[in-house]
Amino acid sequence: MASVFNDIQHGFIAVRGLKLHVASIGGEAAPAVLFLHGFPEIWYTWRHQMIAVSKAGYRAIAPDFRGYGLSDKPAEPEKTTYADLVDDLVELLDRLGLDKVFLVAKDFGVRPAYLFVLLHPERVIGIVTLGIPHLPLRSTAFLESLPEGFYISRWQQPGRAEADFGRLEAKTVVRNIYILFSRSEIPIAKEGQEIMDMVEPNTPLPAWFSEEDLAVYGELYEKSGFETALQVPYRSLGERFDIEDPVVKVPALLIMGNEDYVYKLPGMKEYLESGTVKELVPDLEVVYLPNGTHFVHEQLPDEVNKLLVTFLDGITKRT
């Protein structure tokens, strides 16, 4: 890892029978910011933001979810649920002695983040999400009209992704997904084509993602495999939660790249621009970043860091 990230500390915390890897930087007495990764990511995806918020006077904490990165894999990965991730976060904060935190999440990490807000609102100061807004918990409407070749549909099929990924080294799987998800087109394979075959072997990495970065991911996915990652998020999307009040009561910020393929999912643009999203998150600010893709926090770290710190500071000064 580049020397600028050497100040980030690493440790393991026992949580619900597993050891979770936790990266952190910043004073223990500083307001805490909990970063939740997506797929195919680990804590490292937040490296730029962790440095930025720590320099601004906050404590950055970025765990690897169970079964990801350096965290222990559950005994039965195929039974992992979103509820497990939320319960892990509760105990993680207890172990760290943190009563309240800011949450920052992207990709599938947005779902456990907002579930945590709804189930434990007294423990959240504010929430920032990247690329994905808070969605109705029982709705998959944004996905239902997409064809069979849509990557989520493919990866929900038991054994399909395992066979596709299994032909390649873990590093190559991550490489292909980073390239694919960095495009503005919704990832949809042709009939008879596998998702990994949508990326030509000689396709270069995005300019903002180095071979050194890829090596970090590749090494850790060689360790963890993809079992838990395929279960949560993709094979757990139908999970139901008994939440009486689905309205978020804390300040929220959504950072959306205009070139993020998620923004192009059927109904997503209308959901955001019509204001319907504010029915669930009344105190929400939405910021669009031109040219921003699905990995906007790695692609445009300076812009994202400025938005993030401004949001944190605005709330901290009011409380």
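Residues numbered from 1 in each chain as written. Predicted model: local features only at pLDDT ≥ 70, side-chain atom pairs only at ≥ 80, totals over all residues. Heavy atoms only, no water.

Describing the packing of aromatic side chains
Here is step 1 of the chain: Considering all chains together, one arrives at 32 aromatic pairs under this definition.
Here is step 2 of the chain: Ring geometry for phenylalanine 65 versus phenylalanine 108: centroids 5.5 Å apart, planes at 40°, classification tilted. With phenylalanine 65 in the loop between β4 (59–63) and α2 (82–96) and phenylalanine 108 in the loop between β5 (101–106) and α3 (110–119), this pair connects stretches of sequence that are 43 residues apart. You'll find phenylalanine 65 and phenylalanine 108 in the same group, each marked buried.
Here is step 3 of the chain: When the ring centre of phenylalanine 12 is taken as origin, the NZ or CZ atom of lysine 19, which lies over that ring, is 5.9 Å away.
Here is step 4 of the chain: Across from the ring centre of tyrosine 82, 5.1 Å away, lies the NZ or CZ of arginine 111, which sits over that ring. (Phe/Tyr/Trp six-rings, centres within 6.5 Å; stacked < 30°, edge-to-face > 60°. Helix = DSSP H or I, 4+ residues; strand = E, 2+ residues; numbered from the N terminus. Buried < 20%, exposed > 50% of the residue type's maximum accessible area, 1.4 Å probe, protein only. Lys NZ or Arg CZ within 6 Å of the ring centre and 35° of its normal.)

Details of the sheet that holds strand β7 (residues 252–257)
Here is step 1 of the chain: Taken together, the eight strands give an open sheet; going across it, the order is β1-β2-β4-β3-β5-β6-β7-β8, and neighbouring strands pair in mixed fashion. A single partner strand is all that each edge strand has here, and the edge strands are β1 (9–15) and β8 (284–289). Between one strand axis and the next, the sheet turns through 20° on average, direction left out of account.
Here is step 2 of the chain: Of the strand pairs in this sheet, strand β2 (residues 18–25) and β4 are connected by four bridges, and their pairing is antiparallel. Bridged to serine 24 within β4 is isoleucine 61.
Here is step 3 of the chain: Strand contacts of helix α12 (residues 301–318): β3 (32–36), β5, β6 (124–130), β7 and β8, with the helix running at about 160° to β6, the strand carrying the most contacts. (Pairing = 2+ DSSP bridges. Axes fitted to C-alpha atoms, helices over the stretch in contact; angles between N-to-C directions. Contact = heavy atoms within 4.5 Å.)

Here's the deal with the side chain of serine 71
Here is step 1 of the chain: With respect to the helices, strands and loops of the structure, serine 71 is situated in the loop between β4 and α2.
Here is step 2 of the chain: Judged by relative accessible area, which is 1%, serine 71 ranks as buried.
Here is step 3 of the chain: Here the side chain of serine 71 touches aspartate 64 through a polar contact of 2.7 Å, landing on its backbone oxygen.
Here is step 4 of the chain: When sequence neighbours within four positions are dropped, the list of residues in contact with serine 71 reads Lys19, Leu20, His21, Asp64, Phe65, Arg66 and Lys223. (Polar contact = N/O pair within 3.5 Å; in protein donor to acceptor, adjacent residues only side chain to side chain.)

Let's talk about helix α1 (residues 47–55)
Here is step 1 of the chain: The element α1 is extensively covered by neighbouring structure, given that seven of its nine residues are classed as buried.
Here is step 2 of the chain: Residues of α1 that are buried: Arg47, Gln49, Met50, Ile51, Ala52, Val53 and Ser54.
Here is step 3 of the chain: At its buried positions, α1 is contacted by β2, β3, β4, α8 (211–224), α11 (296–299) and α12.
Here is step 4 of the chain: Two residues or fewer past α1, glycine 57 is found with a positive phi of approximately 100°.

Focus: the pairing of β8
Here is step 1 of the chain: Across six bridges, β7 lies against β8 in parallel orientation. Bridge pairing in β8 places glycine 257 opposite leucine 289.
Here is step 2 of the chain: The parallel pair β7 and β8, bridged by helix α10 (residues 268–273), forms a crossover whose chirality is right-handed. (Right-handed = clockwise from strand over helix to strand, strands pointing away.)

Concerning the environment of alanine 29
Here is step 1 of the chain: Here alanine 29 shows up in the loop between β2 and β3.
Here is step 2 of the chain: What makes alanine 29 exposed here is its relative accessible area of 82%.
Here is step 3 of the chain: Remark: the alpha-carbon pair of alanine 29 and glycine 57, spanning 28 residues in sequence, is separated by 9.8 Å.

Structural notes on the nonpolar core
Soluble globular proteins: nonpolar side chains tend toward being buried together.
Here is step 1 of the chain: Of all hydrophobic cores here, the largest spans 119 residues; its most connected members are Phe35, Phe39, Met50, Trp155 and Phe165.
Here is step 2 of the chain: For this core, the leading source of residues is helix α7 (residues 170–181), giving eight residues.
Here is step 3 of the chain: Each residue touching phenylalanine 39, except ones within four places of it in the same chain, is listed here: Tyr68, Asp107, Phe108, Trp155, Phe165, Ile177, Phe181, Tyr221, Phe226, Ala229 and Tyr234. (Core = buried A, V, L, I, M, F, W, Y, C linked by side-chain atoms within 4.5 Å.)

Observations regarding α3
Here is step 1 of the chain: Of all ten residues that make up α3, nine are buried, and the element is covered over most of its length.
Here is step 2 of the chain: When α3 is considered as a whole, its buried residues turn out to be Val110, Arg111, Pro112, Ala113, Tyr114, Leu115, Phe116, Val117 and Leu118.
Here is step 3 of the chain: Structurally, α3 contributes buried residues whose contacts are with β3, α2, β5, β6 and β7.

Observations regarding the pattern of salt bridges
Here is step 1 of the chain: Taken as a whole and assessed by the stated rule, the structure comprises 20 salt bridges.
Here is step 2 of the chain: We note a salt bridge from lysine 79 to glutamate 76, for which the minimum N-O separation is 3.2 Å.
Here is step 3 of the chain: Glutamate 259 is the salt-bridge partner of lysine 264, the closest N and O atoms lying 3.8 Å from each other.
Here is step 4 of the chain: Taken together, the shared-partner salt bridges in this structure form one network comprising Arg16, Arg66, Asp84 and Asp88. (Salt bridge = Lys/Arg side-chain N within 4 Å of Asp/Glu carboxyl O.)

Structural measurements only, silent on function.
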